[in-house]
Structures are given as C-alpha cells and as structure tokens.
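# Examining the three-dimensional arrangement
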Amino acid sequence: MFVVHVIASFFSKLQEDPTKMVDRCLVAMHLHDDQLSDISARFQAEMKKGLSVESNAAAAVKMLPTHVRSTPDGSEKGQFMVLDLGGSRFKVLQVKVREGMGIKRGGVEMVEKTYPIPKELHIGSGTELFDHVSESLKDFLHEKNISLEKKHPLAFTFSFPCEQSTLNQGLLLNWSKNFRARGLQGKDVVQALRGAIDRTGGMDVEVLAMVNDTVATMMTCGVDDQYCEVGLIVGTGTNACYMEELRHVDLVEGDEGRMCVNTEWGAFGDDGALKDFITEFDRDVDAASNNPGKQILEKMVSGMYLGELVRLVVLKMAKLRLLFNGHVSDALRTKGTITTEHVAAMEEYKNDLTNTRNILMDLDLTPTSDDCVAVQHVSTIVSFRSSNLVAAALAAILTRIKQNRNLRTLRITVGVDGTVYKMHPQYPKRLHEVVRRLLPECHVRFVLSDSGSSKGAALVSAVAQRLASRRLQVDEMLSPFRLSQEQLQLVKTRMRMGLEAGLKSKGPSAIKMLPSFVYRTPDGTEHGKYLSLDLGATNFRALLVNFKRGLQQTSQLYHKIYPIPLEIMQGSGEELFDLIAQCLSDFLDYMGMKNARLPACFIFSFPCEQTAIDTGTLVSWTKGFKATDCEGHDVVSMLREAIKRRNEFDLDIAAVVNDTVATMMSCAYEDPLCEIGLIAGTGTNVCYMEELKNIEKNKEKTGKMERMCINTEWGGLGDDGSLDDIITSYDIEVDKNSLHPEKQRFEKLTSGMYLGEVVRQVLLDLTKGGLLFRGHVTEALKTPGIFQTKYLSQIESDRLALLQVRSILQQLGLDCTCDDSIIVKEVCGAVSRRAAQLCGAGMAAVVDKIRENRGLDHLNITVGVDGKLYKLHPHFSGILQETAKVLAPQCDMTFLPSEGSGKGAALITAVARQELEM
C-alpha cells in the first residue's frame, strides 16, 4: 500500500501533463532500439532451436514445416473450393484461376460467403465444429449453383498450430484465439474434415492442401510480387512464415530448395524468453485467458488482447485516482468492454478526442479533456509496443534469410494481413519504420493482402498441382537417362562382345582393341631421365621425368603446358606438328637440355594402329581434333619430320602410347596389382593387360611374353548401333552437331566433352515445354557449348547451396528461380549418373574378362584412373565403382587416381629400353 500511495502522490504532481503521467506509469512498455535488437536476437535463437530436430521438442517457437515449396509463378490455373477457419469468422469460397489469363493478369474470380460459428462450438466437440463447417460448405455449393456431382479440389485454411508431414495432413498441436473444441488436439484435422464431409454426404471433395492463414497471405501477395517470401498476420492473433532453406529444416527429409516455415511466433516467450519485458498488465491478461502461460507474444501484440491491456491500464490508473477523479464504473471493471477496435478509434488523432470521449462515456465514465488525452496516450503506448515487438521478431526472420543466402543486402517483400494492421491508422507506419531502422541494409517492402488468406490458400493448391504436374513431366523427360540393372547388364554384355570382336584378326568391331606393344608393367628398377610429350585435349604438355636409383622408388617431374588453338586443332596436320616442335624447343630451352638427345615417349591420346612400340598410325581423330592429312599416317614420323624441319634439337622417340596406357603404367609404379588404365575426362577410354594368345591381330608372337596392354578405344562402342536402345533424342542431337557424327557413341554418352552439351539440350527442351526458366528460351541457352561439363561438377556439389547454383546459371545468362535450380541440378545429376553407370558397366566387362582369362574364381585388381570428370565430379567416381561392383561381384577393384600420364609414359620408355637390353 505504501508503494501505491507513493505512486499516487508522485503522479498527482503531473496532472498538468497527462502524457508524461502515462509515460511514467507505462515506462516498462517503452522499448528502445537496443532492447528491440536484444529481443530480435533472442527470437533468432528460438528459430534455430525450433528448426533443429534435437531441440524442437523443447522449443517454444515450433518452426513448423508447411510443405509449401514454391510461391506462385503466374502459370497457375484451375477452380478450387476454400474453407477459411481461424479467427472470428468462417468463410467458404470458390476461387477460379482462369486458364489463359493466369493470376498475374487479373484472371482470379472469387465468390464467398461468411458463416457464423456459434460460441458454443468454440468450446464444444471437434466433431460438432467440423460438421458445421461441412454443412456450411454444402449450403454454399447449393446457394451458388455449383455442381455437387463434380469433383472439387479444396484448400483448407486452418489458422492454428499444426504439425504437418505432408501438404494435406496436419496434427493440431493446440488451440488458440478462444477456440477449445474437444477431441481434436493431437489429431489430423484434415482427416476430421474429410470425416465430416462424408457424414454430410452428397459432395465429391478432395482436400489438396491445409495451410495456415499466414502462409496463405504470403502466397496471395506473392502473386504480384516475386520477392514476397514472408507472410505476416497481425489481427485477432499474430504469426509469421517465411521461405527457409530446406537444408536447415531438420524435420523434413531432403536439402534441395526451400520450404515455407510457419514460425507460430505467438508462443515466443512461453519459456521465459520475454520475462524481463512482461508487465503486470501482461500477467493479468495471461492469468485471465483460456490458456495461461501460453502464447505470450500473442497476448502482448494481437487484436484479441490489446483492448484488454488498455482497459487494465486505465482501470489501475482510475483506482490510483489518476483518472476520472478516482471514479471506477462497473463497465470499466468488466473484461472485454474495451476492444482493439476501440483502441484503433481512440488513436484517430484527426478526430481529436471525440472518439476517445464517446468510448469512455459509453463505459459510464465522465472524462475530462486531460482524461481523454491520457487514455488516448495509453492506447498509443500499448499499440506502439505491439508494433515494436512485431518489428523485432520480423527483423530476426529477415536477418536469418539474409544470412542463409549470404547476402550483404536483402531485397524482400512481406505480405501482411490482419485486422490490427488493416484497421489501426498508425500501426503499419510504425511497424515499417522500426523494421527499417533495425535493418538499414535490407530493402523491405510491405504489401497488404487484397483478399485475405483465401486466395492464397487456393494458390497453395494451384501451386501444388502445378509442381506435381511439372514433376511428372520432368520425370518423364529424364526417365530415358535412368538405366535399370537389366539395361546396365546388357551394356556390360555388349561391351564384352565388343572386346572379344576387336581382338579377332577378321570381322568388324566398333571397339578397336589396339595393341600397344607394352608387355609388362614397371618393376621398380627403372632409372634415368626421359621426356614425355603429351597431346590429348586442348593442351600440349612437355615433361621431364627423372627416375632415381635407391631403396625407395622416387621420381622428379618438370613440365610446361602449351595451349593448342582451335584453328590449329582443326587446321592442317603440318601446322599442328610444327606447333608441337616449337613447344618442345621452348621446353628444352627452359630446361637447358637442348643439346641432350633424350629418350622420349609420345603420349598420343587418339586411336592408333601400332605395329611396334614406336609407330602409330592414326585411325581417326576424336575430342574436337580434325587436323587434315593425319588420319592413316604414322604420327611418330610426322613428329620426327616436324623436329627435322625446325633443325634445332633432336630426340630419340622410343615409344608412342595412348594416355590410358600411360596412366596404367604410372599407377603400376605405385601398385603392382595395377593392370587396368581408365580415363574419364574430356574423352574416355580403357586399357588392360590381355593374354597375348587372345590377340589374334598381333602378328608378332613374342614367346617370352605372356601379356600385352590393349588400348580398347571403348569410346567406339555403339558405332554399330548396339547402344541405340539407350541413346536418347538429346544424344542424337549432340552427335549430329559434333565434329564426328555417328562415331564414338559411347564416348558421347560418358565423357566430359559432351555431357555439358547433353545437359544443355535437355534444358532447352524443358524450357520450350514451359517447365523451366518460365518458358523463356534465351540466346545463351541456344548457344552450343555454353554449358561446360565443369558446371555439372560445380552444380552437383553437395556443399553448394541453390543460391550458388542460381549464381552459376545467371553467369550463363540463365535467369532462374529456386525451383529452376532444383530441376537444373536434377538434370545434371541424371546425365552424369548415366555416364558413370555406363563406365561402370564397361569396367565390369573388362574385369570379368581378365578374371575368366586367368581361370580365377575371384580377382583382385587395381585400376589406375585419370581425368577431370573422375577426379573433380562429386559423385561420378562413387557411382562408377558401385556399378562395377554390382555387375562384377567376383572382382575386387581398387581405383587408384593417377598423378598424371607423363610419368607413366616415361616408364614405358624405360621398360622398353630394359627389354631391348635383355
């Protein structure tokens, strides 16, 4: 009592300034920016807690996944029924999105009717409540002459906290906003609605989606603003939702794209997070509510409680004789006599004090002008605190979005609905100003929902239908890339048949099976200095390799790389080999070894017929080369002639080998079990140690040798039509536009030179079908070669967020949405997975052949591997190995990445020299 008398005495001195009197009384409701930033930080922590599977159960802010994965893109269409149950009213609507117009061109028609919900149903049984909802739906269909026989897709706006495992299912967590219907908590409300519809009978209704009104608001506003990714309700209750990165939503499987999360932020503070900001008036409101200790933030900011907060403040001040000369009327003592509508009316400053005086007189009070000023100021402080708290929580959401997307600035739109926001004259302006003050680096736009949440609920269903339809169409277009085990087994069988046919001396074979005249792998005694000259892709590389004697095998490598211009790759053969000689001259100058006649190995990564280790006749160019007067000629002789024309140095070209053979030799230096070489890069190829007796085309039968390395040139598999049943229309298009049509068909399905172009063809087709990039075919997308294979490796990286995928695509001139990014990533995955599986099937054929050659039940073997596709793509190597393991279960394969083919080529030269000395 002493404190009361002190306060009364203190405030009696301030009667001449009613606003100061109120400010002193409500000092705890004045929140400065530091406090708001603190509240915002606390809410961010609550969001993180609610998103985590470990801490969600204990979180006050539940962060409920909604399974809404996309905002409208303007292509939605259809006719939907909507039930809207959540606040002080219940509505039934028919929403039509006219085909050919779309939501963004005014093609939305809505017919609605509001039905009262008797108060006894708020606290009655759940069955009775939903029977009323269902009967209202049937009444609406009758009244609007809507066919009862026709099937009607329905969206259900249910504005209470629900846990959803799918878009059309939701378990009610708890009631709010004075609803307490029995028997529904913990139950699926969609199932309850379906049951009521069945009991009512006479309707054919399919519930497609259940959404919170906040989500529906975001969807409604997203129609006209593509940046709208936040929904906000400040009405009878309050809530917010936003598009969260799916990788952060632990409660839902998957990590691609985004999902709308319903924060249910009204419960913020239920665990004490706001205890130092709660006033005695908040405690009184909470104690008198239907759910004490619950929905603390909602009780501080929402329309159900603002009027009651003002009443309690005015009542206390009257009791302290600070208002109305201490007169307290029965009406002022009665709960609910001051409403939020009264609060909004009292803050209509343009009417001076008229509204305030009338409202107080209706409460049987006789206010003075100072009393009216004071009560008006109470209303201002209570509603201002509401907008401040909403701004702080909203700033937390916007900060999280900005951090998720790693942005310095954020441009975003917030869709808003709710009676407090709409009816209160000052509320929106105050909210906007505080948000912008707390987040000056964000460009935030607020858009008022023009038709409540109902249109948005229909759009959730429309978007779901669109995504489901698009999903089916995308799956159908990508299905030819998804190979079954039976198909992969057939590829293995055909590869095996091709290997066998290529070894024969007569008869056609798409797989060339070229003898390399490399008869054994290194034994570790190799020593000396050797040159490796490597021509295989868009560069020429010169290397000096020095093998040192000693207890441990050691080698030193020195190299330089020289680019091969496109005009040389496709010019004359003489120009190409003259450039190689020029590069060699530069390298020998660089090493100071121009006068030394070193043994050299020419790594020539194109199909060559060899009759000896140091001769190789080019069969055909691949991988973008098309130099004239080379095919049918000995490439070693051409190189020697180019060196002679230059007349500056001389080389002992002791061997010509394929890069695949060199890779095998390089890895065999590290692992004696390595008897296979694999290249999976710009091109693809395999070599392996074949039994000499099986090589019919080899005329030189060297008795002391048992095996020879065969360069399979497996990229030619399918040139005879053997892969036609798995080749897609996209592959045909890529082949038709290549330098060598109808050649290297297997390589065009599996290698880095072509995978990006296959992806581009698929993306082009998807875009033409309106499934990607909003159907807009850009010049970039029509440009051959623009989608390089390196982008597949980047886009498919598990560590790469979709925002970074979008950035890559935007650099290519492809403006895309988050949904587009998901599809692009899926296309890349389908194309690269098929490539890896095909290589795995081919490898299974090779290792099984080696095992059977040697009469083994089980084979342990190492595969030396090189190539950027294998080394840099995040999933290629794993898929290849797994496929090979499944298709060749009797073979244990170890895949050993090569340090490069240069050392292997030098080893071939060293081994060849040793054999000559034997």
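Here's what I pulled together on the structure shown here. The model shown is predicted, which means the values in this text are computed figures rather than measured ones.

Conventions and cut-offs
Residues numbered from 1 in each chain as written. Predicted model: local features only at pLDDT ≥ 70, side-chain atom pairs only at ≥ 80, totals over all residues. Heavy atoms only, no water. Helix = DSSP H or I, 4+ residues; strand = E, 2+ residues; numbered from the N terminus. Rg over C-alpha atoms; globule rule 2.2 N^0.38 Å. Buried < 20%, exposed > 50% of the residue type's maximum accessible area, 1.4 Å probe, protein only. Contact = heavy atoms within 4.5 Å. Areas by Shrake-Rupley, 256 points an atom, 1.4 Å probe, with all protein chains shown as cover. Lys, Arg positive; Asp, Glu negative; His and termini not counted. Charge placed at Lys NZ, Arg CZ, Asp CG, Glu CD. Phe/Tyr/Trp six-rings, centres within 6.5 Å; stacked < 30°, edge-to-face > 60°. Lys NZ or Arg CZ within 6 Å of the ring centre and 35° of its normal. Expected span 1.5 Å × (residues − 1). Pairing = 2+ DSSP bridges. Salt bridge = Lys/Arg side-chain N within 4 Å of Asp/Glu carboxyl O. Core = buried A, V, L, I, M, F, W, Y, C linked by side-chain atoms within 4.5 Å.

## What about the overall build of the chain?
Along the backbone of the chain there are 31 helices and 26 strands. For 918 residues, the compact-globule estimate of 2.2 N^0.38 gives 29 Å, and the chain exceeds it by more than 25% at 38 Å. Looking at the 918 residues of the chain, the share that counts as buried comes to 59%. Long-range pairs, those at least 24 residues apart, make up 71% of the contacts in the chain between residues at least 6 apart in sequence. Accessible surface, the chain as shown: approximately 37200 Å² in total, 49% of it carbon and sulfur. One way to put it: in the chain the 106 positive side-chain charges average out to a point 2 Å from where the 118 negative ones average out.

## Comments concerning the packing of aromatic side chains
One pass over the full model with this rule turns up 24 aromatic pairs. Ring plane angle 75 degrees and centroid distance 5.8 Å describe the contact between F43 and W265, whose orientation is recorded as edge-to-face. With F43 in helix α3 (residues 33-51) and W265 in the loop between β11 (258-262) and α8 (280-287), this residue pair connects regions lying 222 residues apart in the sequence. For the pair F43 and W265, a shared accessibility class is recorded, and that class is buried. With a centroid separation of 5.0 Å and 55 degrees between ring planes, the pair formed by F158 and F160 is classed as tilted. Judged by relative accessible area, F160 falls into the buried class, the value being 1%. Put simply, the rings of F130, F156, F158, F160, W175 and F179 pair up and form one aromatic cluster. We note K560 situated over the ring of Y590; from NZ or CZ to the ring centre the distance is 4.8 Å.

## Examining the side chain of Q837
Tracing the sequence through the fold places Q837 in helix α28 (residues 818-853). Excluding its chain neighbours within four sequence positions, the residues that come into contact with Q837 are L483, L488, I879 and T883.

## With respect to α28
In an α-helix there are 3.6 residues to a turn, and that puts residues three or four apart on one side. Taking 1.5 Å of rise per residue, 36 residues should cover 52 Å, and α28 covers 52 Å from first to last C-alpha, within 8% of that figure. Most of α28 sits inside the fold, with 31 of its 36 residues counted as buried.

## Quick word on the side chain of T521
With respect to the element layout, T521 can be found in the loop between β14 (514-515) and β15 (528-535). Among residues more than four places away in sequence, those in contact with T521 are M664, M665, A668 and C674.

## A short note on the sheet that holds strand β12 (residues 410-417)
Here we have six strands laid out as an open sheet, ordered β1-β11-β10-β9-β12-β13, and mixed in their pairing. In this open sheet, the two edge strands, each paired with only one partner strand, are β1 (64-65) and β13 (442-448).

## Quick look at the pairing of β11
When you tally the buried positions in β11, you get five out of five residues, the bulk of the element. The alternating pattern of β11 places R258, C260 and N262 on one face and M259 and V261 on the opposite face, and all of these are buried. The pairing of β1 with β11 spans two bridges and is classified as antiparallel. Counterpart to P65 in the pairing with β11 is V261. Both strand β10 (residues 238-245) and β11 contribute to a ladder of five bridges, which runs antiparallel. Across the sheet, the residue bridging to C241 is N262, located in β11.

## With respect to the pattern of salt bridges
Opposite charge on two side chains makes pairing possible when the charged atoms of those side chains draw close. Here the structure, examined in full by the defined rule, presents 54 salt bridges. For the salt bridge of R199 with D131, the shortest nitrogen-to-oxygen distance reads 2.9 Å. A residue pair is termed long-range when its members are at least 10 positions apart, and R199 in helix α6 (residues 189-200) and D131 in helix α5 (residues 126-143) qualify at 68 residues. For R199, a relative accessible area of 48% translates into the label partly exposed. You can call D131 buried: its relative accessible area is 19%. Its salt-bridge partner being E852, residue R496 comes within 2.8 Å of it at the nearest N-O pair. With R496 in helix α18 (residues 485-503) and E852 in helix α28, the pair connects residues that are 356 residues apart, well separated along the chain. We classify E852 as partly exposed; its relative accessible area is 44%.

## Observations concerning the nonpolar core
Counting 107 residues, the largest nonpolar core has I676, F787 and M843 as the members making the most contacts within it. Among the nonpolar cores identified, the runner-up in size contains 90 residues, and V301, L306, L309 and L439 belong to it.

This is a description of form; function is not addressed.
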